[in-house]
Amino acid sequence: MAVIGFLGSCATADRIRAVPTEKRQRQKEGRRARLEAQRKVDKRRQFTRRAVIVVIVAAIVVGSVYLLTRSSNKSAAATTTTTTSTTTTTTLPPHFAHQQAVVDAIAAAAGCPKLPSTPTNTLSWPQAPMGNINITGKYSAVFKTDIGSFTVALDASKAPITVNNFIFLVKSGYYKCGSFFRVIPGFASQSGSPNQTNRNTAQPGYTIPDENKQSKFALGDLAMANTGGPHTGGSQFFIVAKAQTIGGTYALFGHVTHGLAVINKINADGNANTYPDGSSYPPNVTHRILKITIVGP
């Protein structure tokens with residue numbers, strides 16, 4: 001009985017010792033499960049944090065690129081605007097603007113339009129004037145401008161048709177208040193269009209034949225402008241700024257004899273720049289003819 005009891009006691013003891021071991025095992029497994037669960041939670045949190053950081057960094061990069069691009073576009077737009085303004089705008093520097101204001105006031109006081117770009121008349125005739133001059137007589141034209149006067153001796157013997165036409169237009173008031181609209185320093189000063197430009201400008205309703213055609217000119221020579229074709233002169237003329245050979249031929253009909261300093265000043269106030277189509281910029285200071293007086297027999 002004792003043995004059996006012993007054995008029984010041992011079995012009972014074993015079962016008693018086994019109970020707390022299984023409980024600890026379950027506790028370990030529970031702790032392990034909780035740790036695993038916590039690790040998963042931590043891993044998810046870490047992943048989430050990394051994702052948020054990536055998104056923030058990406059947003060910062062995209063934002064920076066956008067700002068840089070926007071800034072670059074603004075700079076490009078500003079450059080384009082400046083370039084366009086420099087290419088198309090004819091705003092005068094202050095010293096030229098002051099000079100222009102002074103001569104405009106003088107012209108306005110003489111009865112001319114306030115601005116030199118304003119057309120002065122629409123005179124037109126169906127045909128060239130008949131000859132009314134004495135081709136052996138001595139004629140001169142006194143140009144009164146906004147900065148003084150100069151005198152041109154007209155060559156009626158060598159260019160009678162051209163001189164007759166010029167005198168007719170002068171006495172008709174065609175040139176009154178006309179501007180020197182095309183002035184290239186060191187080349188020539190051009191006038192003779194009431195529209196104040198040689199762009200798409202109609203002649204006075206007619207043209208005259210070429211005569212005394214020249215390509216070599218001296219300082220102060222007065223010649224009839226043309227379109228480049230034969231017999232296309234009408235009213236526009238130019239005064240040569242220095243001795244030179246000019247491409248093409250033009251009717252020479254006079255020469256400056258007094259007041260050369262005035263025409264030199266008009267030419268010096270010109271502008272050598274040209275537009276893409278080859279046409280000239282307006283002069284830096286646009287001077288005007290207030291009146292022309294013909295002196296002769």
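What counts, and where the lines are drawn
- Residues numbered from 1 in each chain as written.
- Predicted model: local features only at pLDDT ≥ 70, side-chain atom pairs only at ≥ 80, totals over all residues.
- Heavy atoms only, no water.
- Core = buried A, V, L, I, M, F, W, Y, C linked by side-chain atoms within 4.5 Å.
- Buried < 20%, exposed > 50% of the residue type's maximum accessible area, 1.4 Å probe, protein only.
- Helix = DSSP H or I, 4+ residues; strand = E, 2+ residues; numbered from the N terminus.
- Contact = heavy atoms within 4.5 Å.
- 1 Å grid on protein atoms, 1.4 Å probe; cavity = no way out; pocket = protein on both sides within 12 Å on 5 of 7 lines; lining within 4 Å.
- Points joined across faces, edges and corners; volume = space filled by probe spheres on them.
- Expected span 1.5 Å × (residues − 1).
- Nonpolar A, V, L, I, M, F, W, Y, C, P; charged D, E, K, R; others polar.
- Salt bridge = Lys/Arg side-chain N within 4 Å of Asp/Glu carboxyl O.

1. A word on the nonpolar core
Point 1. Phe143, Phe150, Leu154, Phe166 and Phe253 are the most contacted members of the largest nonpolar core, which totals 33 residues.
Point 2. Ranked by the residues each element gives to this core, the list is headed by helix H3 (residues 160-171), at five residues.
Point 3. Residues contacting phenylalanine 253, with those up to four places away along its chain left out, are Ala153, Leu154, Asp155, Ala159, Thr162, Val163, Phe166, Leu222, Ala223, Met224 and Phe237.
Point 4. Formed by nine residues, the second largest nonpolar core is a distinct cluster that contains Phe217, Phe238, Ile246 and Leu252.

2. Here's the deal with unusual backbone geometry
Point 1. A positive phi angle, close to 45°, is found at asparagine 212, a residue other than glycine.
Point 2. Of note, asparagine 212 is situated in the loop between strand S4 (188-191) and strand S5 (213-217).
Point 3. Even without being a glycine, histidine 231 presents a positive backbone phi close to 55°.
Point 4. For histidine 231, a relative accessible area of 44% puts it in the partly exposed group.

3. A few points about the layout of surface pockets
Point 1. Estimates place the volume of the second largest pocket at around 320 Å³.
Point 2. Along the wall of the second largest pocket there are 16 residues; nearest its centre are Arg182, Gln190, Asn198, Ala225 and Asn226.
Point 3. Counting residues per element, the ones that place at least two in the lining of the second largest pocket are strand S3 (182-184), S4 and strand S8 (244-258).
Point 4. Among the elements that line the lining of the second largest pocket, the one with the most residues is S4, at three residues.

4. Notes on helix H2 (residues 94-109)
Point 1. The terminal C-alpha atoms of H2, which comprises 16 residues, lie 23 Å apart, in line with the 22 Å expected from a rise of 1.5 Å per residue.
Point 2. Residues of H2 that are buried make contact with strand S9 (289-295).
Point 3. Where H2 ends, the next residue or the one after it, glycine 111, has phi of about 95°, a positive value.

5. Some details on empty space enclosed by the protein
Over the atoms, a rolling probe the size of a water molecule traces out where space has been left empty.
Point 1. Evaluation of the coordinates by the stated rule reveals three cavities of 30 Å³ or more.
Point 2. Empty space within the largest cavity amounts to approximately 50 Å³.
Point 3. Taken together, Thr162, Ile208, Pro209, Asp210, Met224, Ala225, Asn226, Gly233, Tyr250 and Ala251 make up the lining of the largest cavity.
Point 4. Taken together, the residues of the lining of the largest cavity break down into six nonpolar, three polar and one charged.
Point 5. Lining the second largest cavity are Ser189, Leu219, Gly220, Ile239, Val240, Ala241, Leu260, Ile263, Asn264 and Asn267.
Point 6. Those elements giving two or more residues to the lining of the second largest cavity turn out to be strand S7 (237-240) and helix H4 (260-268).
Point 7. Counting residues per element, the lining of the second largest cavity draws most heavily on H4, at four residues.

6. Here we look at the pattern of salt bridges
Oppositely charged side chains are able to pair whenever their charged atoms sit close together.
Point 1. Throughout the structure, instances matching the rule amount to two salt bridges.
Point 2. Salt-bridge contacts for arginine 288 lead to aspartate 104; the nearest nitrogen and oxygen are separated by 3.2 Å. Separated by 184 residues along the polypeptide, arginine 288 in the loop between H4 and S9 and aspartate 104 in helix H2 bring together distant segments of the chain.
Point 3. What makes arginine 288 buried here is its relative accessible area of 0%.
Point 4. Accessibility expressed as a relative area gives 12% for aspartate 104, which makes it buried.
Point 5. As a salt-bridge pair, lysine 265 and aspartate 269 come within 3.2 Å of each other at their nearest N and O atoms.
Point 6. Residue classification places aspartate 269 among the buried residues on the basis of a relative accessible area of 4%.

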